[in-house]
Amino acid sequence: MNIYTQRLDPSTLSAEQQAVIEGQKQAENFLYLDFDTRQRSRFKAETQHQESIGVDLPRTETIKNGSVLADHQGNLIQIMAAKQGLIKVTADNNFDLMKGAYHLGNRHVPLMLTPTALYFEPDHVLEAMLHQLGLHTQAVQAPFEPETGAYKGNQGGHSHSHSHNHNHNHNHNHNHSHHDHGHSHTHGNSHD
């Protein structure tokens, strides 16, 4: 069994490597994987031609549709996002669709965005919430390629500065109850 341990950037493949991948496409011999499997760094799978392979990658990020993996002998395999059960969200207007994206994002749901629809893995609670917002949902089969975090390279967390200029004015409520600053704030305007 071949064990694929390297991720190759498809844009840096040699002409020979590109020819191998093109030959696999012509023969329809690649690896279709669902989103849950593409998030893992170690797994066994079968190619379209029922060849068993292993994947043992460094823990980095989700394997994307079109990614190319290599083993120590230089063998290549291309990963394709498999169709899987998803919920397609549509709206009567762009603003409602944007509201739906906001509420799903607020719940940290892996979400695939297109100009006219949102897609997420089935969850009846989320579907009910979207219906209350006036959005439309439909069960579909499609490849799932959700957005990656805007804070990539920061180990999944995020950071932001808490430096404050004490001579600033606020025209909004300012609530920092979710973290302890250990210092007081002085504001130039009064909050009623």
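Reading the values: the criteria
- Numbering of residues starts from 1 in every chain and runs along the sequence as written.
- Residues qualify for local features only when their pLDDT is at least 70, as the model is predicted, and side-chain atom pairs are given and counted only at 80 or more; totals for whole chains, interfaces and linings, by contrast, use all residues.
- Excluded from the side-chain calculation are hydrogens and water; included are all heavy atoms of the structure.
- We count a salt bridge whenever a side-chain nitrogen from Lys or Arg sits within 4 Å of a carboxyl oxygen from Asp or Glu.
- Note on conventions: DSSP H or I runs of at least 4 residues are helices, E runs of at least 2 residues are strands, and numbering of each starts at the N terminus.
- In this scheme, a residue with accessible area under 20% of its type's maximum is buried, one over 50% is exposed, and one in between is partly exposed, where area comes from a 1.4 Å probe on protein chains only.
- Note: two strands are recorded as paired if DSSP finds a minimum of 2 bridges between them.
- Throughout, a residue-residue contact means that at least one pair of heavy atoms, one from each residue, lies within 4.5 Å.
- A fitted line through C-alpha atoms represents every axis, and for helices the fit uses only the stretch in contact; the resulting angles, taken between N-to-C directions, go from 0 to 180 degrees.
- For Phe, Tyr and Trp, rings pair up if their centres lie within 6.5 Å, where Trp contributes its six-membered ring, and each pair is then called stacked (planes under 30 degrees apart), edge-to-face (over 60) or tilted (otherwise).
- Confidence of the predictor at the level of single residues is given by pLDDT, which spans 0 to 100.
- Here the arc refers to the directions that run from the helix axis out to each C-beta atom.
- We call two N or O atoms a polar contact when they sit within 3.5 Å, provided that within protein one can donate a hydrogen and the other can accept it, with sequence-adjacent residues counted only if both atoms are side-chain atoms.

A. Focus on the pattern of salt bridges. Going through the model one piece at a time under the given rule, you end up with 3 salt bridges. Two residues, glutamate 145 and arginine 38, come together in a salt bridge whose shortest N-O distance is 3.5 Å. Residue glutamate 145 is located in the segment after strand E10 (136–143), and its partner arginine 38 is located in helix H2 (residues 35–38); the two are separated by 107 residues in the primary sequence. Of the charged contacts, one joins arginine 42 and aspartate 56 as a salt bridge, the two residues approaching to 3.6 Å between their closest N and O atoms. One end of the pair, arginine 42, is in strand E3 (residues 42–46); the other, aspartate 56, is in strand E4 (residues 52–56), and 14 residues separate them in sequence. The class of aspartate 56 is partly exposed, set by a relative accessible area of 32%.

B. Region of interest: the sheet that holds strand E9 (residues 118–120). Strand order in the open sheet formed by 4 strands is E8-E9-E7-E10, with antiparallel pairing between adjacent strands. The open sheet has two free edges, formed respectively by strand E8 (112–113) and E10, since each of these has just one partner strand. Two strands pair when backbone bridges link them, and E8 and E9 are joined in this way by 2 bridges, in the antiparallel orientation. Following the sheet pairing, methionine 112 is matched in E9 by tyrosine 119. Here helix H3 (residues 94–106) sits on the sheet and contacts strand E7 (83–90) and E9; the angle it forms with E9, its principal contact strand, is near 30 degrees.

C. A look at the sheet that holds strand E1 (residues 2–8). Spatially, 6 strands are ordered E2-E6-E5-E1-E4-E3 in an open sheet, and the strand pairing comes out mixed. Edge positions in the sheet fall to strand E2 (31–33) and E3, since each has one partner strand and no second. The sheet shows a mean angle of 35 degrees between the axes of neighbouring strands, taken without regard to direction. Here strand E5 (residues 68–71) runs beside strand E6 (residues 76–81); their pairing, made up of 3 bridges, is antiparallel.

D. Seen up close, the packing of aromatic side chains. Under the defined criterion, the tally for this structure stands at 2 aromatic pairs. On the numbers, 5.3 Å between centres and 80 degrees between planes, the contact of phenylalanine 30 with tyrosine 32 is edge-to-face. Note on phenylalanine 30: relative accessible area 9%, which makes it buried. Both rings, one in phenylalanine 35 and one in phenylalanine 144, keep their centres 5.1 Å apart while their planes meet at 80 degrees; by these two values the pair is edge-to-face. Taken as a pair, phenylalanine 35 in helix H2 and phenylalanine 144 in the segment after E10 lie far apart in primary sequence, 109 residues in all.

E. Region of interest: the environment of leucine 57. Within the element layout of this structure, leucine 57 appears in the loop between E4 and E5. The buried category is assigned to leucine 57, whose relative accessible area is 5%. Sequence separation between leucine 57 and arginine 42 is 15 residues; the distance between their C-alpha atoms is 6.4 Å.

F. How the structure looks around the confidence of the model for the protein. When pLDDT is averaged along the protein, the result is 82; 77% of the residues meet or exceed 70. Every residue in residues 152–192 scores below 50 in pLDDT, and together they form 30 contacts with partners more than four places removed in sequence or on other chains.

G. View of helix H4 (residues 124–132). Turning to H4, its buried residues number three or more, namely Leu126, Glu127, Met129 and Leu130. Viewed along the axis of H4, the buried residues span an arc of 160 degrees, placing them on a single side of the element. Exposed residues on H4 whose side chains face more than 90 degrees from its buried face are His124, Val125 and Gln132. Elements in contact with the buried residues of H4: E7, H3, E9 and E10. Capping the start of H4, aspartate 123 holds a side-chain oxygen 2.9 Å from the backbone nitrogen of valine 125, two or three residues further along. Positive phi shows up at glycine 134, right after H4, with a value of about 85 degrees.

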